[in-house]
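Okay, here's what each chain looks like letter by letter:
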Amino acid sequence: MTARHPIIGVTGSSGAGTSTAVRAFDRMCATLGIRPAIVEGDAFHAYDREGNRRAIARARIRGEHFSLLGPAGNLLMRLETLLREYGHSGTGISRRYLHTEAEAQAVRQSVGTFTPWMPITPDTDLLFYEGLHGGYVGEDANIAEHMDLLVGVVPIVNLEWIQKIRRDNDERGSTPSEITSTILRRMPDYVNHIAPQFSRTDVNFQRVPLVDTSNPFVVREIPGNEESLVVIHFNEHTRLSADLDRYEFQIPGAFRSNAQTLVVPGDQIETAMEAILMPALQSLLARRAQAIDAAASQNPLPPDIAPA
């Protein structure tokens, strides 16, 4: 981790609702006038859409499990290389995965393919990662150690399944049986590689529905924010919990459920994210400015090129 080139991660499995945190960070960056480098975890999948299908088929023939939640489906060493390089110098190599027809048409490629590897946007203030593995730790890579701020977005598992079922059905045309098969196939990787990440985050936002989701495979509508509470848990190693009293005061309807946990109405989730994460973001930027000033004082420009 570095003060001069901060890295922020939002981690959560597919269908978890990480887009809510992305929107909150977009607004905060706009408010502060900062320029982030955006890295999507999907860019570091090992296979494009067709290659992933073939990998699943091969694993099925061998009696093995395979999913994009696990290390076998991802280029995690390459992701760690990017994070290490960005933390050191503010540079690195990434690409994009093309999810939609609009994205694909813009670069004249097919949906479900990757763009070429390219240098990330230069002269950025920080790197923002959103994907499956922001808190991953394994023998092949340690992604978590490069995060200056790590946020988990993790609805209770039945709600996560409901969101995935609806998304895959609406956006990809998957049948209920296909989606159920995918959930079962991914379960070992979810248990071994996704769930442990939420003990390494600084803070987790967990949406809990207030309507019946006992059988997620028959629920037709995703419970809305107004039908939910959000459990915000601060892990013990984070400094964010020092201001828990202030968060409770700032967020309408918030209350403490224990010393490390705040509960807020579901429709206040983005307000809560900004109240909690904006000070953390400002702190990272202040450290960055101090590091830049310190480097400049140690390496002053020669008189002939120093600014007037």
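Refer to the structure printed above.
These numbers come from a predicted model, not from an experiment.

**Concerning the layout of surface pockets**
So, step 1. Quantified by volume, the second largest pocket comes out at close to 470 Å³.
So, step 2. Lining the second largest pocket are 20 residues, with Asp148, Leu149, Asp202, Thr238 and Arg239 sitting closest to its centre.
So, step 3. Of all the secondary-structure elements, those providing two or more residues to the lining of the second largest pocket are β6 (149-153) and α8 (269-298).
So, step 4. Residues of the lining of the second largest pocket, tallied by class, amount to eleven nonpolar, three polar and six charged.

**A look at the pairing of strand β8 (residues 228-234)**
So, step 1. Because side chains alternate across β8, one face comprises the buried residues Ser228, Val230, Ile232 and Phe234, and the other comprises Leu229, Val231 and His233, none of which is buried.
So, step 2. In this structure, strand β7 (residues 203-209) lies alongside β8, joined through seven bridges in antiparallel fashion. Residue pairing in the sheet places Val208 in a bridge with Leu229 of β8.
So, step 3. Bridge count between β8 and strand β10 (residues 261-265): five bridges; the pairing is antiparallel. What sits directly across from Val231, in β10, is Val263.

**Comments concerning the pattern of salt bridges**
So, step 1. The final tally for this structure, using the stated rule, is ten salt bridges.
So, step 2. One salt bridge in this structure joins Arg84 and Glu80, with 3.3 Å as the shortest N-O distance. Residue Arg84 and its partner Glu80 are located together in helix α3 (residues 76-89), separated by four residues, close to a single helical turn.
So, step 3. Linking Asp243 and Arg246 is a salt bridge whose minimum nitrogen-to-oxygen distance equals 3.3 Å.
So, step 4. Since its relative accessible area comes to 32%, Asp243 is described here as partly exposed.
So, step 5. Owing to a relative accessible area of 33%, Arg246 belongs among the partly exposed residues under this scheme.
So, step 6. Residues participating in the shared-partner salt-bridge network are Arg23, Arg27, Glu270 and Glu274.

**Topic: empty space enclosed by the protein**
With a probe scaled to a water molecule rolled over the atoms, the places where space remains empty come into view.
So, step 1. Applying the stated criterion across every chain yields a total of two cavities of 30 Å³ or more.
So, step 2. Here the largest cavity is characterised by a volume of approximately 60 Å³.
So, step 3. Around the largest cavity, the lining residues are Leu69, Glu160, Trp161, Lys164, Ile183, Arg186, Met187 and Tyr190.
So, step 4. Those elements that place two or more of their residues in the lining of the largest cavity are α5 (157-172) and α6 (176-194).
So, step 5. Top contributing element to the lining of the largest cavity by residue count: α6, with four residues.
So, step 6. For the lining of the largest cavity, the residue count by class is five nonpolar, no polar and three charged.
So, step 7. Estimated volume of the second largest cavity: approximately 30 Å³.
So, step 8. Around the second largest cavity, the lining residues are Phe25, Asp26, Cys29, Pro36, Ile38, Leu126 and Phe128.
So, step 9. Sorting the residues of the lining of the second largest cavity by element identifies α1 (18-32), β2 (36-40) and β5 (126-131) as the ones contributing at least two each.

Reading the values: the criteria
- Residues numbered from 1 in each chain as written.
- Predicted model: local features only at pLDDT ≥ 70, side-chain atom pairs only at ≥ 80, totals over all residues.
- Heavy atoms only, no water.
- 1 Å grid on protein atoms, 1.4 Å probe; cavity = no way out; pocket = protein on both sides within 12 Å on 5 of 7 lines; lining within 4 Å.
- Points joined across faces, edges and corners; volume = space filled by probe spheres on them.
- Helix = DSSP H or I, 4+ residues; strand = E, 2+ residues; numbered from the N terminus.
- Nonpolar A, V, L, I, M, F, W, Y, C, P; charged D, E, K, R; others polar.
- Buried < 20%, exposed > 50% of the residue type's maximum accessible area, 1.4 Å probe, protein only.
- Pairing = 2+ DSSP bridges.
- Salt bridge = Lys/Arg side-chain N within 4 Å of Asp/Glu carboxyl O.

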